[in-house]
Amino acid sequence: MTWFTKWALRNRAAVVFSVIVSMIFGIFSYTTIPMELMPSADQPFITVSTVGNGLDAVTMDEQVTQPIEKAITGIKGKRNVIAETGNNFTQMTITFESDTDLKEAKQQIQENISMVNLPNGVMKPYVVLLNTSQIPIVQLGLTFDKEIENKEISLVENEILPQFKNIKGVGNVMTYGRKNQQVMIKVDPAKLAAAQISLEKMYTLLQGKNATVAIGEQTLENEATSIIVTGKIDSLADVENLQLNATTKLKDVAEVSMEKDTNSITHMNGKNYIHLIIQKDSTGNAVTVGKQVEEVVKKINKDYKGSFNATVFLNLGNTVLDSINAMTREVLMGALFATLIIWLFLKSFRMTLITIVSIPLSLCITMILLSFLGVTLNILTLGGIAVSVGRLVDDSIVVVENIYRRKKEKVLTPAFIVDSVKEVSAAVTSSTLTTVAVFLPMMLASGSLRDLIAPFAITITCSLLASLLVSLTVVPMLSQRMMKKVKIKEHKNGSFYPKVLRWSLNHKWLPILLSVVVIISSIGLFAAMPKGSVDQKDSAYLSIWLRYQNGTEFKEIENGIKRMENLLSEHKDVGNYIVLAGTNADAAQFGELQDPNQAQFMAFVKEGTDSAKLVRKLRNEKGQFPGAELTANTAGLMGENKTTVSVDVIGNNEDDINRAADKVKKTFEGIDGVKKVETNEEDQKPTVTVTVNPTVANAQQISQSIRGMIEPAVIGTVEIDGRSTLVKLGALQEIKSADDLNNLQLMTSEGPVALSSIATIKESNEPGTIYSKDGHHYLQVNAVVDPKKMVDVAGEINKQLAVWKKDNTFGVGTSAEITGAAMQSSDDLTELAKLALFSIGIVFIILLVTLKSFRASIAILLSLPLAAIGSLLGLVVSKSSIDISSGIGMLMLVGIVVTNAIVLVDRIRHNEETMTIREAIMEAGTVRLRPILMTALATVFAMVPLLFAHQSAMSMNLVSKGLAVVVIFGLLVSTFLTLIVIPTFYELFHFKKAKKQRQLSSPVSSELNV
């Protein structure tokens, strides 16, 4: 690797020019790289959402859910399908194996579903695959003081949306909460009969009256002319004046009115609103787009004052900017701490300057490489820089320290510089490559985990390779120039470490025993420690739910919503709040359909508010909502801040399923770390079943007749206020009880008959919401647990599930399995464990190639268990759990801790050419002590700012306190143990040769313990 050094010393002008260009283009790249919160990553599931029209849960299950489940049976990589079916909706979640190509799976699902014949009135299913790149940059609400009618919706679509779509960098603008009006025709049966007009006539009322037909071309006055026949109905008056016969108009026999959607509620701050969701395109900058949207909002509020008010309640552009600025501050603080450590050791401004030049230069080169590789600037790429900033000076420290140590009275000639660099080039190269070898395998992770950590790994890899290049080129060149006037101070080697090292070499049983204890302790501590998910303590908003029993009138839900809105408006800490209730077809495009008996509130709190305290206050208000279950939690980017372990109980027999679910629930309640246990079992809903006598009538025809009598029917569309508006024929008869159904008069070929004469009517209670998994009915038991103990709780319940399965406790046909977030966290930790083993294998191969010694490579790898005990102790001291963040930190340690061991062992092997093994070890330990301590402490102190970093509620916190704790404690403990244990084992592995050398060199040495 000294070729780089020779070239740099021969071409100083080229190196200086390269440095200047790198700095300029690095800063330019930093300002132009697209900024976003998270890297692009697919969620490990796909949702299928369908909205029905007046279909109950049982009918939706039989005619919609089950056919779709059958259609997607053979989808490649499918793990399971969970469906929730209620009145008018079906929400399906399809989870996949981690290595599945989800985009291909989505396309296959769409193709399969397109071939399913769904009942009339059921909308086309939405197949949604969510990606972090689709996270809305800005969400805003357009609030109106009056009902939102067609005129207002047209205004928004034709004038407001284009202003946002024209912003550079905006990829898509979606709306939510538009309640389209409808024309309702309520016929008076008596007047209709008096006018001698049949009901069938009403169903064909609009046929042909609202159409445009091209007749063709004719030559008129020597010109080819198109002839078009058109009929246009564009007002309520036109509908009322439709002629039914020679003497009767529609308004003579029916009441015609405009009606709003009464099945859903979308409010913001207590007012009707339209929700606008703005996404950026792949090249857009989140910060710039966010600022431009806010400017457009100000303009709109000025131009349309009095019509509506636009309010931005979530701007991720500001969040991204705050997160990036915070992480940048942590990088700069880390660099400052690393600089101070180097200065304290070297006590020379010039030498410190030579060393730390690698930080800004390496970062600039990294930014250029990220720009070329298409990696965006986000919380994870900046996190990668933050955790590697201390490591960027390691190679330069070793090079500078070696040149300084060898200088003394020598002239800094190019040959001398090259020789000094050559002495450590193998060590710095192999140590950097081993660290890179740890991070590159992160690219082999599967699924969404790879998408998240790949940019992190790429950033660290680029920065480390850049730092290696700088240490071999720029640092030697600067050393030759700037070290000429540096006075060489006689470095006095301390006597403490050599004495401890010599004693340890003479009493090997103690370091060996210590190593065994450390390894056993690490295994035991790892097994005993809580393993959980990343705990997101911060809050972006409050998630509040009101859940009512099935069959609850919508009016009662409306009253509960008003009470909650009043509560939120009274809290001074709450800024904006929105509510979504009922089955809204717009929600299907986001895969977020919810039970119509539920109301969801999102309350955005003001800065500085104690969200947890506010949540507790809201929970205490449950007495104001009789008949409803009130839940309130803080929430962030990934939803509510609660961690659940779920167990699905599947079977064919309802009683067996209920008994098994009760057993699981009781078991959960006895496990440490479980806070609350609940199931997805819903109250039953009153149902009337009409059983038609097949010998008398056709069930399908009767159902259509009943629907036509008691349910509004869509008979066409008209253009009102510039919008296509549904026209419905209102119910001919109002049904308030089962007796009303008995007496319902239906028209048959033989004349009107009472429904009771051809069918049996029975009242019963049926499920209001049907849950199924892979086509089987199931119950899900959810345990809300301490995030730090999630994997532990999952492990405990898994053990019990295995025992129950072995003993056939639940009976034939009934089974239970763990699922959900707990499985995902366990899978992610397992994935990281596999990557760690793979990385260790690569590191070992690199050591074998560079050191060309099996025993030396094994000695270096012994530093890994020494790091493990330090990182685990750090987690214990900081009261943290083993989660994805700390798991990534442990993976990092594999590459970082071997660096010191490589520097030490490389020196020992170099010394062996002229010294005995014992002399080589003693000399290497004494000489390498200072650079080892400098590099370790520089890395440690550069990580300190991460310990106190603010964890944003809108990020996944993969680069957080847990990672910093693992690296800091692991590196500190492994560094001090490495200085004793590694030399001991190195001599032990050369036992015969070392003993023989000591016997030949001194008769006394033979009496020493080996």
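Residues numbered from 1 in each chain as written. Predicted model: local features only at pLDDT ≥ 70, side-chain atom pairs only at ≥ 80, totals over all residues. Heavy atoms only, no water.

Undergrad: How would you sum up the overall build of the chain? Please name residues and give values.
TA: The number of helices and strands found in the chain is 33 helices and 29 strands. Looking at the chain as a whole, 53% of its 1010 residues are labelled buried. Expressed as a percentage of contacts within the chain between residues at least 6 apart in sequence, the contacts between residues at least 24 apart total 80%. Entry remark: accessible area of the chain is about 45900 Å², with carbon and sulfur atoms responsible for 54%. (Helix = DSSP H or I, 4+ residues; strand = E, 2+ residues; numbered from the N terminus. Buried < 20%, exposed > 50% of the residue type's maximum accessible area, 1.4 Å probe, protein only. Contact = heavy atoms within 4.5 Å. Areas by Shrake-Rupley, 256 points an atom, 1.4 Å probe, with all protein chains shown as cover.)

Undergrad: Lay out the nonpolar core with the relevant residues and their values.
TA: Ranked by internal contacts, the top residues of the largest apolar core, which has 160 residues, are Leu140, Leu142, Ile160, Phe164, Val293 and Phe456. A per-element tally of this core places helix 30 (residues 884-911) first, with 15 residues. If you look at the next biggest cluster of nonpolar residues, it comprises 25 residues, including Leu542, Tyr577, Val579 and Ala581. (Core = buried A, V, L, I, M, F, W, Y, C linked by side-chain atoms within 4.5 Å.)

Undergrad: Give me the sheet that holds strand 23 (residues 723-729): which residues, what numbers.
TA: Here four strands make up an open sheet; going across it, the order is 10-7-23-22 and the pairing mixed. The two strands at the open ends of the sheet, each matched to only one other strand, are strand 10 (254-259) and strand 22 (713-720). Averaged over neighbouring strand pairs, the angle between their axes works out to 25° when direction is ignored. The sheet contact formed by strand 7 (residues 182-187) and strand 23 spans four bridges and is parallel. (Pairing = 2+ DSSP bridges. Axes fitted to C-alpha atoms, helices over the stretch in contact; angles between N-to-C directions.)

Undergrad: Tell me about the environment of lysine 773, and please be specific about residues and values.
TA: Mapped onto the secondary structure, lysine 773 falls in strand 27 (residues 770-773). Classification of lysine 773 by relative accessible area gives buried; the value is 1%. Measuring from C-alpha to C-alpha, the distance between lysine 773 and glutamate 69 comes to 9.5 Å, with 704 residues separating the pair along the chain. Excluding residues within four positions of it along the chain, lysine 773 makes contact with Asn80, Val81, Ile82, Asp648, Ile650, Tyr778, Glu817 and Thr819. At a separation of 2.6 Å, a polar atom in the side chain of lysine 773 contacts the side chain of aspartate 648. (Polar contact = N/O pair within 3.5 Å; in protein donor to acceptor, adjacent residues only side chain to side chain.)

Undergrad: If you had to explain the confidence of the model for the chain to someone new, which residues and values would you point to?
TA: Per-residue confidence for the chain gives a mean pLDDT of 80, with 88% of residues at or over 70. Below a pLDDT of 50 lies the segment residues 1004-1010, which in the model reaches twelve contacts outside its immediate sequence neighbourhood of four places, other chains included. (pLDDT = per-residue confidence, 0-100.)

Undergrad: Mind laying out helix 5 (residues 150-165), listing which residues take part and the relevant values?
TA: For helix 5, built from 16 residues, the straight-helix expectation of 22 Å at 1.5 Å per residue is met to within 8% by its first-to-last C-alpha distance of 21 Å. The complete set of buried residues in helix 5 reads Asn150, Glu152, Ile153, Ser154, Leu155, Val156, Ile160, Leu161 and Phe164. (Expected span 1.5 Å × (residues − 1).)

Undergrad: Explain the pattern of salt bridges to me, using residue names and the numbers behind them.
TA: Close approach of charged atoms allows side chains with opposite charge to pair. Evaluation of the coordinates by the stated rule reveals 15 salt bridges. In this structure, glutamate 987 engages arginine 918 in a salt bridge whose closest nitrogen and oxygen atoms are separated by 2.8 Å. Of this pair, glutamate 987 sits in helix 32 (residues 961-989) while arginine 918 is found in helix 31 (residues 917-947), placing the two residues 69 residues apart along the sequence. Judged by its relative accessible area of 1%, glutamate 987 falls in the buried class. On the basis of relative accessible area, arginine 918 is assigned to the buried category, the value being 8%. Sharing partners across several salt bridges, the network here consists of Glu423, Arg907 and Glu923. (Salt bridge = Lys/Arg side-chain N within 4 Å of Asp/Glu carboxyl O.)

Undergrad: Residues and numbers for the packing of aromatic side chains, please.
TA: Inspection of the entire model under this criterion finds eight aromatic pairs. With centroids separated by 5.7 Å and ring planes inclined at 45°, the aromatic side chains of tyrosine 541 and phenylalanine 604 adopt a geometry described as tilted. Pair noted here: tyrosine 541 is in strand 14 (residues 541-548) and phenylalanine 604 is in strand 16 (residues 598-605), with a separation of 63 residues, a long-range link. Take tyrosine 541 and phenylalanine 604: they sit in the same class, and that class is buried. Ring pairs connect the aromatic residues Phe144, Tyr304 and Phe308, which therefore count as one cluster. (Phe/Tyr/Trp six-rings, centres within 6.5 Å; stacked < 30°, edge-to-face > 60°.)

Undergrad: Provide a residue-level description of a nonpolar patch on the surface, including the pertinent values.
TA: A cluster of nonpolar side chains, contributed by Val16, Ile20, Ile24, Phe25 and Phe28, occupies part of the molecular surface with about 500 Å² of accessible area. Structurally, isoleucine 20 can be placed in helix 2 (residues 12-32). Residue classification places isoleucine 20 among the partly exposed residues on the basis of a relative accessible area of 46%. (Patch = residues over 30% accessible without salt bridge, like charges linked within 9 Å, V, L, I, M, F, W, Y side chains within 5 Å.)

Undergrad: I'd like a rundown of a positive patch on the surface, residues and numbers included.
TA: There is a patch of like positive charges on the surface, built from Lys572, Lys613, Arg616, Lys617, Arg619 and Lys675. Among the structural elements, lysine 572 can be located in the loop between helix 21 (554-570) and strand 15 (574-582). (Lys, Arg positive; Asp, Glu negative; His and termini not counted. Charge placed at Lys NZ, Arg CZ, Asp CG, Glu CD.)

Undergrad: Which residues make up the environment of alanine 868, and what values go with them?
TA: As for its placement among the helices and strands, alanine 868 is situated in helix 29 (residues 863-877). Here the alpha-carbon distance between alanine 868 and leucine 893, two residues 25 residues apart in the chain, equals 8.4 Å.

Undergrad: Talk me through the side chain of serine 463; I want residue IDs and the actual numbers.
TA: When you line up the elements, serine 463 lands in helix 17 (residues 447-472). With near-sequence residues (within four places) excluded, serine 463 lies in contact with Ser362, Thr366, Ser388 and Leu392.

Undergrad: Quick rundown of the packing of helix 1 (residues 2-10) against helix 16 (residues 414-439)? Include the residues and the values.
TA: The contact between helix 1 and helix 16 brings their axes to 9 Å, and the two run at 155°. One way to sum up the angle between helix 1 and helix 16 is to call them roughly antiparallel. The two elements helix 1 and helix 16 cross, and the hand of that crossing is right-handed. Two secondary-structure elements touch here, helix 1 through Thr2, Thr5, Lys6 and Leu9 and helix 16 through Pro414, Ile417, Val418, Val421, Lys422 and Ser425. Of the residues that constitute the contact of helix 1 with helix 16, the class distribution is five nonpolar, three polar and two charged. (Parallel < 35°, antiparallel > 145°, perpendicular 65-115°, else oblique. Left-handed = near helix turned anticlockwise from the far one by under 90°. Nonpolar A, V, L, I, M, F, W, Y, C, P; charged D, E, K, R; others polar.)

Undergrad: I'd like to hear about helix 31, residue by residue, with values.
TA: Where helix 31 bends most, at arginine 928, the angle is about 45°, and the proline proline 931 comes one to four residues later. Most of helix 31 sits out of view: 25 of its 31 residues are buried. (Bend = angle between axes of the 7 residues up to and from the residue.)

Undergrad: So what about the environment of aspartate 451? Which residues, and what values?
TA: Of note, aspartate 451 is situated in helix 17. A C-alpha to C-alpha distance of 9.9 Å links aspartate 451 and methionine 38, two positions 413 residues apart in sequence. For aspartate 451, the contacting residues outside a window of four places in its chain are Pro39, Ser40, Ala41 and Asp42.

Undergrad: An account of the packing of helix 15 (residues 394-407) against helix 18 (residues 474-482) is needed here, citing residue identities and associated values.
TA: As a packed pair, helix 15 and helix 18 sit with axes 10 Å apart at the nearest point and diverge in direction by 30°. When the axis of helix 15 is compared with that of helix 18, the two are roughly parallel. In this structure, helix 15 crosses over helix 18, and the sense of that crossing is right-handed. In this structure, helix 15 uses Ser396, Val399, Val400 and Ile403 to contact helix 18, whose residues at the interface are Val475, Pro476 and Ser479. Along the lines of polarity and charge, the residues of the contact of helix 15 with helix 18 split into five nonpolar, two polar and no charged.

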